[in-house]
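Survey of secondary and tertiary structure
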2 protein chains.
Amino acid sequence: MANVLTPQADDFPRWYQDIIAKAELAENGPVRGTMVIRPYGWAIWERIQAGMDLRIKAAGAENAYFPLFIPESYMRREAEHVEGFSPELAVVTHAGGKELEEPIVVRPTSETVIGEFMAKWVQSYRDLPLLLNQWANVVRWELRPRLFLRTTEFLWQEGHTAHATRQDAHEYAVKILHGSYEDLMVKLLAIPVVVGRKTARERFPGAINTMTLEAMTRDGKALQMGTSHELGQNFARAFDISFSSAEGSRELAWTTSWGSTTRMVGGVIMVHGDDAGLRLPPALAPTQVVVLAVKAEAVEAARRIGDELRAAGVRVRVDDRTDAPFGRRAVDWELKGVPLRVEVGPRELAAGGAVLVRRLVGVKEPIRLDGLAAQVVAALEHEQRVIADSARAERDARIAEASTVAEAAEASATGWARIAWSAVGVDGEARLAAEGVSVRCLQRPDGSVPASDDEPDLIAFTARAY
Amino acid sequence: MANVLTPQADDFPRWYQDIIAKAELAENGPVRGTMVIRPYGWAIWERIQAGMDLRIKAAGAENAYFPLFIPESYMRREAEHVEGFSPELAVVTHAGGKELEEPIVVRPTSETVIGEFMAKWVQSYRDLPLLLNQWANVVRWELRPRLFLRTTEFLWQEGHTAHATRQDAHEYAVKILHGSYEDLMVKLLAIPVVVGRKTARERFPGAINTMTLEAMTRDGKALQMGTSHELGQNFARAFDISFSSAEGSRELAWTTSWGSTTRMVGGVIMVHGDDAGLRLPPALAPTQVVVLAVKAEAVEAARRIGDELRAAGVRVRVDDRTDAPFGRRAVDWELKGVPLRVEVGPRELAAGGAVLVRRLVGVKEPIRLDGLAAQVVAALEHEQRVIADSARAERDARIAEASTVAEAAEASATGWARIAWSAVGVDGEARLAAEGVSVRCLQRPDGSVPASDDEPDLIAFTARAY
C-alpha cells in the first residue's frame, strides 16, 4: 500500500504537516500564522483542557477572565517584559470607525493587566495567596508558524498568583510544575517530559526563575510543553501589588505565572505518531475504540458491541459505513490514532468472536464476544502503559552522554545530550546557540529541579528545539 | 441594617452595577467597554457554558475553533453583513513591528471565516449537514457598555451549520432554539424566556430569519438571551458553499448560525436578583449551600455537615471564619445568592439541630441534623421550582394587553405589551422605535414560532430593551 503520509525518516516536518491534514486536525487560517482547529483536533484539545482544568483547580487556583485588549502603556511598565514581547505584538489602532487615542495591544500574555487588578484586590496578607487562572487566546506574531507548535494566535491557560513570601511563591510554582503539568503530561498524554530549570538565557522576560517540561519528539528534538515562572517582585513593583503584613508593614508581593498551550496537541503528535498516523494514548483519545462492521450483515452486531462498550464507560464509535471499502476505513482510523479497533465480520461472529486490532503495535488478535467489554477495558489500560513505556524507552535511548560542548552539539544533531552544566556554562551555551542548539533545562543529578543555576553538579540537557 | 445595594425600585441600573461589584462578579477592564470576570462570576459562566456545551453536542454539533483575526476583505463579501458590523469593528493595522499590507479585523462574529472553510469542506451532499460550534471571544466596539450585557469583548458560543435544503436548515435552527437554548434557560437558569421570531427590522445582518429568546428583567425591560438565525443562501453564495447533489447537480448550501453569550450571566442577575443581592437557581449556583459555623465551637460540626452534603452530591462551602462577625458573613452569602444556608450554632447543635435559611424568600426554619442531607437535597429541588415559578408569575403579571401602538408604547414604559402584529406593522414598529420601544418578537397565538412575518393573527411583544 502506498504511504498516506511522508515517512518520518524522510522528512519529519513534512510528516507532521501531512498527518495534521490527513487526520483532519487543523488547517492554516487566512491570516498568516493563524490556525483553524478542526473537530477532531479540538476534541483532543478539549480533553487536555478538561484534565488540566481539574488539576489546576486541585492546586487551589480559581478561574477568571481578563480582557483580550491591553493598553499599550501597560506593556511598558516592566522593562524586560516589553523588550521580550515588543517584536511580537499585534496592535489595534482603529476601532468603532475612529483612530484610537492610545493604541491597544492584543494580549501576548496577561501579566500586565492581571498585575493591575491584583494590585486592587490584594490589600492585606489575608488576601494572599491569590491564585488565579484563565483559559484564553493570546497573540504573538510568528514569522515561522507551524500548526499547534507556533501559531500567531494560540489557546492556553495562564495562571497568575501572588504570595506573601518568595518561598511561598516558589513552592506554588513548583506545585503547578509537578502536580498539575507533569502529572497531566505523564498520565494523560503519556509523554515522559524532562522537568528542569531554564538557564538565564532562556528565562521568561521579567522572571527570576523559569521551570520547564520538555518532550522529546520522534526526530530527536525538544519541544517545550509548559513553563512555570517565579516573577520575584518585578511585576509587583511595576504594578504596586503590595499588602500590609500581619505586623502592619507594607510589603511587595511575590508573583508567579505559568502556562500550557494548544502546543501540547503538537507534542502528542510528535512524540507518539508513526508512519501510519497518529497514536493516541487511550486516556486521552476522544474515541478509544472504533467498532468496524466489516460488512452490512455485521452492522447490527457492531452496534450492540458499541452499546456494550459505551455502558462500560468506553468512548466508542461504531463505523457502519459498509458502502465504503473496509481497507480505506481501517487506514482512516489508524491515521486518527484510535487505540483499539474491534473488527466485526460475519465469519468471526458466527464463531462467537471478533478481531481486536491494537493501533500502537499493529497487532491483530481474536477476541471473544463473551465478556468483550472487560477485555477491551483491560486492553485500553494495557495500551496506556505500553505507549508511556515505549515513549520513555525511546527517549532514554536518544539521550547521549557528552563531556564537551562539541560533543553535546554533535549529539544534538540526532537526539539530546546530557552534559555537566559546569562543562557548558554561559559561554558554552552561546556557542551551542550559534549552532542552533539550546540548553533545554538544568537538573540536579537526582533529576530534581535546582533552585538556582549555581548549584554544584548540575546536569544540562541540550537539543535542537521546535 | 443599611442597604448594601441601591434598591431596585430607586435605580435599577445602579442596583445592577452595585450587585456586580459587591458580589465580586466582574469589573470594568482598562480598555473602555472591556470586562474582567472575577472568579465568582466566572464560576457561574462556567456552569452555563458546561450546560450549553452538553446541549449543543446533544443536538449533534461538533466543537471546532476558528481564528480571532479575519482579513478585512472577508467582511465585505456579504453586503448586509458588512453594513451591519462596520461601525463596531476593531482593526489591527500593525503587527510584528510593521504596518500590515491588509488590515485585519478582530472577529465580531465568524460567519465569514467559517463560510470560507465550509466551502472547502463541503463538496458532496454526503458532507451535509455540517454542524459546527465554537466557544470564543468576539469584539464589537460598544459606545454604551454595561458589564455582561454589552461589552466590547464578550465570550460566546457561535454555531454555524450548512444543510442541503432550506427545510433542513430551518429545522436545525429551531432545534437549537428550543432543544438547546430554551431548555437551558428554563431548566438551568430558571428564566421563562419568550421565544419568537424577530421582525425584519431586528434581523441579524445577512439573515432571512432570526429567532430569539427574550427574558423580562425585574425593571420590566427585555433582554435578548440568545438568537438562532437562518442565513438562507446568502453566505453560501458569498463564499461559494456548494455541493454536488445525489442527482449530480451543483447546489448552494443553506446555512444557519446561532449564538449565546456571557450576557446570560447578566440575565440571571436581572431576572432573579433582589435588594439583598443575587438569587441563584440551585441548578446553576456554583455553591448551592453554605454551612456557616456561628461560633468557633461549631466549626467542627459545620465541617462534618459540609462533608455529609458533599457526599450527597451537593456543591457546598463551609464558612468557618468565626473571627469575622456572623451578620456580615450572612449578608455576604445573601449578596452572592447562595440558595441555602445552614447555620450551625452551639445551642441548636446541643438539641440535634441547625437553622436552614432559604435565600429566595428569606425564611429561617429549624432543620434536624438527623437525615440533614436528604432534607437539603429536597429543599434545593423545591427552591429551583419556586424561583422558576415566581419568575414566570412576575413576567406574566407585567405583560399588558394592548390594542394600539400608543397603548403598547405606554405599557412598555413599565413592562411589556402584547399586541396583534397586524395592529403594529412596519410603520407602527418605526413609531415605537422613535420612543425607544422595540418589537421583541412575534409569536403565533399558541405561543409557537411563526415561519414568516406574514402569517395571520401573529402576536407582537413590545418592550424597552437592554
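Residues numbered from 1 in each chain as written. Chains lettered and ligands numbered in written order. Predicted model: local features only at pLDDT ≥ 70, side-chain atom pairs only at ≥ 80, totals over all residues. Heavy atoms only, no water.

**Overview of the layout of surface pockets**
In this approach, a probe sized like a water molecule rolls over the atoms, and the result shows the empty space that is left. Reported here for the second largest pocket is a volume of approximately 2000 Å³. Counting residues per element, the ones that place at least two in the lining of the second largest pocket are helix 2 (39–58), strand 3 (62–63) and strand 7 (130–139) of chain A together with helix 1 (12–22), helix 2 (39–58), strand 16 (316–319) and helix 10 (326–335) of chain B. In terms of residue count, the dominant contributor to the lining of the second largest pocket is helix 2 of chain B (seven residues). Taken together, the residues that form the lining of the second largest pocket break down as 24 nonpolar, three polar and 20 charged. (1 Å grid on protein atoms, 1.4 Å probe; cavity = no way out; pocket = protein on both sides within 12 Å on 5 of 7 lines; lining within 4 Å. Points joined across faces, edges and corners; volume = space filled by probe spheres on them. Helix = DSSP H or I, 4+ residues; strand = E, 2+ residues; numbered from the N terminus. Nonpolar A, V, L, I, M, F, W, Y, C, P; charged D, E, K, R; others polar.)

**Observations regarding the interface of chain B and chain A**
Often, the extent of an interface is quoted as the loss of accessible area on bringing the components together. The interface is formed by 50 residues belonging to chain B together with 50 residues belonging to chain A. In this assembly, chain B packs against chain A so that about 4000 Å² is buried in total across both faces, 66% of it on carbon and sulfur atoms. When residues of chain B are sorted by the area they lose upon contact with chain A, B:Pro30, B:Tyr65 and B:Phe69 head the list and together hold 16% of the total. For the interface between chain B and chain A, the tally reads four salt bridges. Put simply, B:Glu27 and A:Lys120 hold a salt bridge, and the shortest N to O gap is 2.5 Å. The dominant element in the side of chain B that touches chain A, judged by the number of residues it contributes, is strand 5 (residues 90–95) of chain B, at six residues. Classifying every residue of the side of chain B that touches chain A by side-chain character gives 32 nonpolar, nine polar and nine charged. Inspection of the sheet shows strand 5 (residues 90–95) of chain A paired to strand 5 of chain B by five bridges, in the antiparallel sense. (Contact = heavy atoms within 4.5 Å. Buried area = accessible area lost by both parts, 1.4 Å probe. Salt bridge = Lys/Arg side-chain N within 4 Å of Asp/Glu carboxyl O. Pairing = 2+ DSSP bridges.)

**Thoughts on the packing of helix 1 of chain B against helix 8 (residues 263–272) of chain B**
Residues and elements named next belong to chain B. Relative to each other, helix 1 and helix 8 sit at 115 degrees, their axes nearing to 11 Å. In the packing of helix 1 onto helix 8, the handedness of the crossing is right-handed. When helix 1 is examined against helix 8, the residues Phe12, Trp15, Tyr16, Ile19 and Ile20 are found in contact with a partner set consisting of Gly266, Ile269 and Met270. Tallied by class, the residues present in the contact of helix 1 with helix 8 amount to seven nonpolar, one polar and no charged. (Axes fitted to C-alpha atoms, helices over the stretch in contact; angles between N-to-C directions. Left-handed = near helix turned anticlockwise from the far one by under 90°.)

**Focus on the pairing of strand 19 (residues 363–368) of chain B**
Summarising the sheet, strand 18 (residues 353–358) of chain B and strand 19 of chain B pair through six bridges and their orientation is antiparallel. Residue pairing in the sheet places B:Val355 in a bridge with B:Pro366 of strand 19 of chain B.

**Quick notes on unusual backbone geometry**
Between A:Leu128 and the following residue, A:Pro129, the backbone shows a cis peptide bond with an omega angle of -5 degrees. Residue placement: A:Pro129 occurs in the loop between helix 5 (111–121) and strand 7. Positive phi is not limited to glycine here, since A:Phe148 has a value of about 70 degrees. Here B:Asp240, not a glycine, exhibits a phi torsion of approximately 60 degrees, which is positive. Of note, B:Asp240 is situated in the loop between helix 7 (234–239) and strand 12 (242–244).

Scope: geometric values only; no functional claims are made or implied.
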